[in-house]
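Understanding the architecture of this molecule
One-letter residues, chain by chain:
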Amino acid sequence: MDLVKILTDSLRAAIGVPAAAYALAATGLNVHFGYTGLLNFGQVAFMLVGAYGTAVTVNEGGPLWLGLLVGIGLAVALGLLLGIPTLRLRADYLAIVTIATAEILRYVTRSRALQSLTGGVFGIQKFANPFFDLNPIPPGRYGFGTFNFSHRQLWVMAVGWLTVGLILLLLTVLLRSPWGRVLKAIREDEDAARSLGKNVFAYKIQSLILGGVIGALAGMLLAIDTQAVNPDTFISILTFFAYTVLILGGPGRILAPVVGAVIFWFLLQFTDGVLRGALEAGWLGSAIEGNEVAAIRFALVGLGLMLLMILRPQGILGSREELLTDER
Amino acid sequence: MNAESSPAFQGVAPLPGVPKPDPILVAAGVERSFGGLRAVAVDRLEIQRGSITGLIGPNGAGKTTFFNLLTGFDRADAGTWHFDGRPLQGKRAHQVARVGMVRTFQLTKALGRLSLLDNLLLAAPGQRGERLAGAVLGGWRAQEAAHREQAEALLERFGLAPLSRHFAGTLSGGQRKLLEMARALMARPRLLMLDEPMAGVNPALRQSLLAHIQEIRTEGATVLFIEHDMDVVMGTSDWVVVMAEGRVIAEGPPAAVGADPEVIDAYLGRDHGKAAGA
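Given the structure is predicted, the values throughout are model-derived calculations rather than measurements.

Some details on the packing of helix H3 (residues 116-123) of chain B against helix H5 (residues 141-157) of chain B
Helix-helix packing is described using two parameters, namely the angle between the two axes and the distance between the axes. Residues and elements named next belong to chain B. Between H3 and H5, the least distance of the axes is 9 Å, while the angle of their chain directions is 120°. Comparing their axes, H5 and H3 come out oblique. Read as a crossing pair, H3 and H5 show a hand that is right-handed. For the pair formed by H3 and H5, the contact residues are Leu116, Leu117, Leu120 and Leu121 on the first element and Glu144, His147, Arg148, Ala151, Glu152, Leu154 and Leu155 on the second.

Considering the side chain of threonine 236 of chain B
Residues and elements named next belong to chain B. Tracing the sequence through the fold places threonine 236 in helix H8 (residues 230-236). Residue class for threonine 236 comes out buried when judged on its relative accessible area of 2%. A distance of 2.8 Å separates a polar atom in the side chain of threonine 236 from the backbone oxygen of valine 232.

Observations regarding helix H1 (residues 3-14) of chain A
Residues and elements named next belong to chain A. For H1, built from twelve residues, the straight-helix expectation of 16 Å at 1.5 Å per residue is met to within 8% by its first-to-last C-alpha distance of 16 Å. Within H1, the full set of buried residues consists of Ile6, Thr8, Ser10, Ala13 and Ala14. Buried residues in H1 make contact with helix H2 (17-36), strand E3 (147-150), helix H8 (151-175) and helix H13 (256-280). Between a side-chain oxygen at the N-terminus of H1 and the backbone nitrogen of valine 4 the separation is 3.3 Å; the capping residue is aspartate 2.

Topic: unusual backbone geometry
Despite not being glycine, glutamine 227 of chain A shows a phi value in the positive range, around 55°. Structurally, glutamine 227 of chain A can be placed in the loop between helix H11 (200-226) and strand E4 (228-229). Here glutamine 227 of chain A falls in the buried class, since its relative accessible area comes to 5%. Positioned with a positive phi, glutamate 245 of chain B is a non-glycine residue whose angle comes to about 50°. Its place among the elements puts glutamate 245 of chain B in the loop between strand E9 (239-244) and strand E10 (247-252). Take glutamate 245 of chain B: its relative accessible area is 58%, and that puts it in the exposed class.

Remarks on the sheet that holds E10 of chain B
All names here are of chain B. Spatially, the six strands line up as an open sheet ordered E6-E7-E8-E3-E9-E10, and their pairing is mixed. The outermost strands of the open sheet, each flanked by one partner alone, are strand E6 (101-103) and E10. If you compare each strand with its neighbour and ignore which way they point, the axes differ by 20° on average. Pairing analysis gives four bridges linking strand E3 (residues 52-56) to E9, with the strands arranged parallel. Along E9, the bridge assignment pairs isoleucine 56 with valine 242. Seen against the sheet, helix H1 (residues 63-70) touches E3, E6, strand E7 (191-195), strand E8 (222-226) and E9 and runs at an angle of roughly 145° to E7.

Points about the packing of H2 of chain A against H8 of chain A
Residues and elements named next belong to chain A. At a minimum axis separation of 8 Å, H2 and H8 run at an interaxial angle of 15°. The orientation of H2 relative to H8 falls into the category roughly parallel. Our pair here, H2 against H8, has a crossing hand that is left-handed. Within the contact between the two elements, H2 uses Val17, Ala19, Ala20, Ala23, Leu24, Thr27, Val31 and Tyr35 and H8 uses Gln153, Val156, Met157, Gly160, Trp161, Thr163, Val164, Ile167, Leu168, Leu171 and Leu175. A breakdown of the residues in the contact of H2 with H8 according to their chemical character gives 15 nonpolar, four polar and no charged.

What counts, and where the lines are drawn
- Residues numbered from 1 in each chain as written.
- Chains lettered and ligands numbered in written order.
- Predicted model: local features only at pLDDT ≥ 70, side-chain atom pairs only at ≥ 80, totals over all residues.
- Heavy atoms only, no water.
- Axes fitted to C-alpha atoms, helices over the stretch in contact; angles between N-to-C directions.
- Helix = DSSP H or I, 4+ residues; strand = E, 2+ residues; numbered from the N terminus.
- Parallel < 35°, antiparallel > 145°, perpendicular 65-115°, else oblique.
- Left-handed = near helix turned anticlockwise from the far one by under 90°.
- Contact = heavy atoms within 4.5 Å.
- Buried < 20%, exposed > 50% of the residue type's maximum accessible area, 1.4 Å probe, protein only.
- Polar contact = N/O pair within 3.5 Å; in protein donor to acceptor, adjacent residues only side chain to side chain.
- Expected span 1.5 Å × (residues − 1).
- Pairing = 2+ DSSP bridges.
- Nonpolar A, V, L, I, M, F, W, Y, C, P; charged D, E, K, R; others polar.

Quick look at the structure:
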């Protein structure tokens, strides 16, 4: 078992494009859940409209920038569509509606009726060439030893993490403002916020749209990185991975999604590497087979999360005092 | 603070629904039923500007429901009510608060994971930084600094200043009542509606809360408060309104109401066990 290779692979995963995308998706959920107390179980729907908005627009002959705008516009529309009927109701209604909407959208995009537009079950490929044409990094591989990236990977990573940085900067400004204070007040007790003259419904809509647009950016990043969109990428488990990332980091902390995403992807790759290494070395005998590794690593990551919740329920960045305060 | 010392009520007859010389709130025909139960049926009630009005009545009399209707937290089946001449029926809770009618809650709603200072700052009306565009573009800091000064002064006044950076969730029950009252004042109410401000408060804090209520009136706001403790109501109010089974059954100066046989009947006759055990 080559431990150095396993570690470098894990580090590569920890700072790779999927980690950046998960950090964005979880940042959107942080706005929803961590700061406003909204239970959005359909973050993947925002990722889907972001990815497809971009892919379809470019595929139909539009420029890339227009595709990004269409993706963002669709996320805004989705936020309004989800929020207007549900945000006046109790919190659980939003959860039910969002998870159902995410599944509906996935089935609609893979439907035969829309195949000419979305590519149906085959999705759309090779639409992000204009993005890679902008790459200023000369072709080649960069890094040390086995820890290296292609110029192409580096370009997407740079844009992805830069986006994460800019979004976090914007959120820092927003959440430290009186606007952010109202969101937190709604999270704590929306009737109290109402009694002090705050239009709770309007703030919830704004929060849902803002977090949803950030989720759409995550979808775009994943789509551009792989140069492919496919309806079956956008399954509900993605929403729950994003929640995992957020809770790992500690909801209600600006940097939590970044810390969570880096650790999540490191652990996922690390357990995968160790399991495969052990399998190759014959240490596991015939207990598991190669095609079972992927499932077992998720079980191990789940076990790790359970331990975290027992030992540090507030997440890595969260404060214990805050958690205890919450219990009243 | 007896009726004799409240010149505003000179010549006002102690009858249910009686008009006041200068009412800030006028409610007429306000009704609300839950299924077959008629929780509120107030024919007419006027609240005199600049006074402290106590609203009493046995459990289930509809006092809190009446509060909820007036403040937009519940929808009335019928009725109109005017605040300073402005119709408020059908308005939503945040709109009611913005015109200057601010309420507190029977079960205190401290915002647990916000600091005491943030609890107060939240309540300041007309904040530029509360708009998304305003929050991004900035330009709200001068206003915020002024609000912070007001908030700190209020926390000082309510004896909470040493705790201003703590989470509100760490406060005791009595301190939460103080915080909620301070927070409501930060919203600059013209009519402050307190729902059982003394519930679960120890006697020492109770005195301080009472003093605060008097002070609020002295500063020009009107106070309407629900209270179970008869001694508190009689000692603090300029005027007392009694509700039973959803209706206003009596109103008048504290001494007169205390001696009203119908009030004694409502409290002791139908609700004897609870009144004695409370």
